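Here is how the chains run, residue by residue.
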Amino acid sequence: MKSAYALERAKNAGIESVFISKKAEGGQEGFENKLQAVLNERDIDLIILAGFMSILTADFTAKWPERIINVHPALIPSFCGKGYYGLKVHEAALEYGVKVTGATVHFVNEVPDGGRIIFQKAVEVKEDDTPETLQRRVMEEAEWQLLPAAAEKVSGEIIKERE
């Protein structure tokens, strides 16, 4: 297995981590079954996707209504859905000529990037931007701020539901 920096960071911080390989589990169904089992064993209430780069099936997302959040590097409904991930989003924004882009944190459902929006933040597109410089600025100015705030907001709502 190729080591992922997130796993190394978790280990260094004393945080339990689990690696599930889609290939080792025989594909999407096996992967999602194993993931569901791991989440159930640990009594997980919230799933946070960041750089996940995979689409979860409707069967899986239906088991987690408004309990999966994702950060997307654009202002949904622009440059989103199947095929829009990573640098492709920023390449499309630059090609289209938008003057403002940003990030969105949303709930995950059966439609790629189609769940209810939690937070959005705009980021200026500069004349000399490349997909890489724009990606970095969107991460720093929007994604890295919105995702923790959304996690806190949704976690707070889950706690209130239990009271």
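Basis of the calculations
Residues numbered from 1 in each chain as written. Predicted model: local features only at pLDDT ≥ 70, side-chain atom pairs only at ≥ 80, totals over all residues. Heavy atoms only, no water. Helix = DSSP H or I, 4+ residues; strand = E, 2+ residues; numbered from the N terminus. Rg over C-alpha atoms; globule rule 2.2 N^0.38 Å. Buried < 20%, exposed > 50% of the residue type's maximum accessible area, 1.4 Å probe, protein only. Contact = heavy atoms within 4.5 Å. Core = buried A, V, L, I, M, F, W, Y, C linked by side-chain atoms within 4.5 Å. Pairing = 2+ DSSP bridges. Salt bridge = Lys/Arg side-chain N within 4 Å of Asp/Glu carboxyl O.

### Considerations on the overall build of the protein
From N to C terminus, the protein includes five helices and four strands. When the helices and strands of the protein are read in sequence order from the N terminus, they spell out α-α-β-α-β-α-β-β-α. Relative to a compact globule of 163 residues, whose C-alpha radius of gyration would be 15 Å, the protein shows 17 Å and is just as compact. Summarising its shape, the C-alpha atoms of the protein cover approximately 50 × 40 × 35 Å along the three principal directions. Burial status across the protein gives 37% buried among its 163 residues. Contacts in the protein between residues at least 24 apart in sequence constitute 59% of all its contacts with a sequence separation of at least 6.

### A word on the nonpolar core
Counting 24 residues, the largest nonpolar core has Ile-69, Phe-79, Val-105, Ile-118 and Val-154 as the members making the most contacts within it. Sorting elements by how many residues they give to this core places helix H5 (residues 131-162) first, with nine residues. When neighbours within four sequence positions are excluded, Ile-118 is seen to be in contact with Ile-69, Val-105, His-106, Phe-107, Ala-150, Lys-153 and Val-154. Judged by nonpolar contacts, the second largest core, of twelve residues, contains Ile-20, Phe-31, Trp-64 and Ile-68.

### Notes on the side chain of Asn-70
Summarising the element assignment, Asn-70 is placed in strand E2 (residues 68-72). Classification of Asn-70 by relative accessible area gives buried; the value is 13%. Residues contacting Asn-70, with those up to four places away along its chain left out, are Leu-49, Thr-104, Val-105, His-106, Val-108 and Asp-113.

### Structural notes on unusual backbone geometry
Of note, the amide linkage connecting Ile-76 to Pro-77 takes the cis form, showing an omega dihedral of 25°. Examined against the element boundaries, Pro-77 turns out to sit in the loop between E2 and helix H4 (87-96). Notably, Phe-79 is not glycine yet its phi reads approximately 50°, a positive angle. Mapped onto the elements of the fold, Phe-79 is located in the loop between E2 and H4. In this structure Phe-79 comes out as buried when scored by relative accessible area, which is 15%. Positioned with a positive phi, Asp-113 is a non-glycine residue whose angle comes to about 60°.

### Digging into the pairing of E2
Counting buried positions along E2 gives five out of five residues, so the element sits mostly inside the fold. Looking at chain direction, strand E1 (residues 47-49) and E2 are connected through three bridges and run parallel. Counted as the bridge partner of Leu-49 is Asn-70 from E2. Relative to strand E3 (residues 100-107), E2 is paired through four bridges, and the arrangement is antiparallel. In the sheet register, Asn-70 faces E3, and the bridge partner there is His-106.

### Re the pattern of salt bridges
Pairing between side chains of opposite charge can happen when their charged atoms approach one another. Across all of its chains, the model carries eight salt bridges by this definition. Between Asp-129 and Arg-137 there is a salt bridge, and its shortest N-O distance comes to 2.3 Å. Arg-136 is paired through a salt bridge with Glu-140; the nearest N and O atoms lie 2.6 Å apart. Note that Arg-136 and Glu-140 are positioned in helix H5 at a spacing of four residues, about one turn of the helix. Assessed through its relative accessible area of 36%, Glu-140 is described here as partly exposed. Each of Glu-16, Glu-41 and Arg-42 takes part in one network of salt bridges that share partners.

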